[in-house]
Amino acid sequence: MNNKRIGLIGNSPAMQRVYEAIHKVAATDVSVAIYGESGTGKELVAQALHQQSPRVRNSWVDVNCAAIPKDLIESELFGHERGAFSGAVEAKPGRFELAQGGTLFLDEVGELPWELQAKLLRVLQERQIWRVGGRRSISVDIRIIVATHRNLETEVQKGNFREDLFYRLNVFPIWLPPLRERGHDIVSLAEHFLMQLAPEIPGLHPSTRTRLCAYPWPGNVRELRNCLQRAVIYHEGEQPLLPHTLSFGTEFIRRSALPQPLLSKQAAPYPTLDQKISETIREALQRNRFNKSKTARELGIQRKRLDRMIQRYDLNT
């Protein structure tokens, strides 16, 4: 399977297992449950399953179960008839009907209300739906793929998720690894995003790769892309992307950008980007015993630019 063609980047052993699972189950019609932390790319895996399935010529419909209010989600999934409730001025098909012949992806399925879980189970068993306010059933032929950042088996034990529905959905589970467990995939993904965001920048500086791999990425692939977007904004010149342009997590937030009443008097201020640049240059100078030529080569910048930055940040001593 060409993982790039289906929108997935990386060749780590953890991702190779994901590709193998996609290859084995894509051509079948069984329900698939995709597990993984937020930002790991669960929807991309679901789309890959659809793209490699016999249903690829039919509809792909996705629903974020956590983003729809509880009083609207039944109508969103199953549709409604005219007059079924206040505001229902006309009949409307639900996502199940729209996915007819194709794939329905239920993202964050662990957020479904308990009473709706029973209705979803009935649909999976009978392959028929009833619109809200409807008097007849509608047959549906779809493949169900779900995803969640929760452990559904644990949610069953807690009484938050129906056990019978869990077994209906969890026919073929796929676990998507967090970015911190994907090794050199971090660099591959960063280079991919950099090419998308700023193809004129000639790649990543070696020290930038090192710094990217050293960070734990709690926000996973989504956080990595955000980090690259910020770095591109602060990049200057025609050299590879340098480590001082990177900022991780909350360190990008400047204290001055927050309303003072929101800051605790005891809270330490977030380091500014200038502080991070100054720290990076100072550390490089110290490693090279203040040899400016060696330091400039390590940072991937010209000696004249280094001199200007040393003067700007008062790093002569």
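Residues numbered from 1 in each chain as written. Predicted model: local features only at pLDDT ≥ 70, side-chain atom pairs only at ≥ 80, totals over all residues. Heavy atoms only, no water.

Draft legend 1. Structural context of helix 12 (residues 292–299). Restricting attention to buried positions, one finds in helix 12 the residues Thr 295, Ala 296 and Leu 299. Viewed along the axis of helix 12, the buried residues span an arc of 100°, placing them on a single side of the element. The backbone nitrogen of Ser 293 has a side-chain oxygen 3.1 Å away, supplied by the residue at the start of helix 12, namely Asn 291. (Buried < 20%, exposed > 50% of the residue type's maximum accessible area, 1.4 Å probe, protein only. Helix = DSSP H or I, 4+ residues; strand = E, 2+ residues; numbered from the N terminus. Arc of directions from axis to C-beta. Polar contact = N/O pair within 3.5 Å; in protein donor to acceptor, adjacent residues only side chain to side chain.)

Draft legend 2. Layout of the packing of helix 1 (residues 13–25) against helix 2 (residues 42–51). Interhelical geometry of helix 1 versus helix 2 gives an angle of 35° and a closest axis separation of 9 Å. The hand of the helix 1/helix 2 crossing is right-handed. Within the contact between the two elements, helix 1 uses Val 18, Ile 22 and Val 25 and helix 2 uses Val 45, Ala 48 and Leu 49. Per-class residue counts for the contact of helix 1 with helix 2 are six nonpolar, no polar and no charged. (Axes fitted to C-alpha atoms, helices over the stretch in contact; angles between N-to-C directions. Left-handed = near helix turned anticlockwise from the far one by under 90°. Contact = heavy atoms within 4.5 Å. Nonpolar A, V, L, I, M, F, W, Y, C, P; charged D, E, K, R; others polar.)

Draft legend 3. Inspection of the packing of aromatic side chains at higher detail. On inspection of all chains with the given rule, the structure shows seven aromatic pairs. Between Trp 60 and Phe 105 the ring centres are 5.6 Å apart and the planes differ by 20°, which places this aromatic pair in the stacked class. Within this pair, whereas Trp 60 is found in strand 2 (residues 60–64), its partner Phe 105 is found in strand 3 (residues 103–107), the two being separated by 45 residues in sequence. Of the residues examined, Trp 60 reaches a relative accessible area of 23% and is grouped as partly exposed. Among the residues examined, Phe 105 registers a relative accessible area of 0% and is labelled buried. Among the aromatic side chains, those forming a connected cluster through ring pairs are Tyr 215, Trp 217 and Phe 248. The ring of Trp 130 carries the charged tip of Arg 122 above its face, separated from the ring centre by 4.1 Å. (Phe/Tyr/Trp six-rings, centres within 6.5 Å; stacked < 30°, edge-to-face > 60°. Lys NZ or Arg CZ within 6 Å of the ring centre and 35° of its normal.)

Draft legend 4. Quick peek at the sheet that holds strand 1 (residues 32–35). The strand order 2-3-6-1-7 describes an open sheet built from five strands, whose pairing is parallel. Because the sheet does not close on itself, it has two edges, and the strands there are strand 2 and strand 7 (172–175). Looking at each pair of strands side by side, their axes are set apart by 20° on average, direction ignored. In the sheet, strand 3 pairs with strand 6 (residues 143–148) via five bridges, with the strands oriented parallel. Bridging from a neighbouring strand, Asp 107 pairs with Ala 147 of strand 6. Each of strand 1, strand 6 and strand 7 is contacted by helix 1, which is oriented at about 155° to strand 7, the strand it contacts most. (Pairing = 2+ DSSP bridges.)

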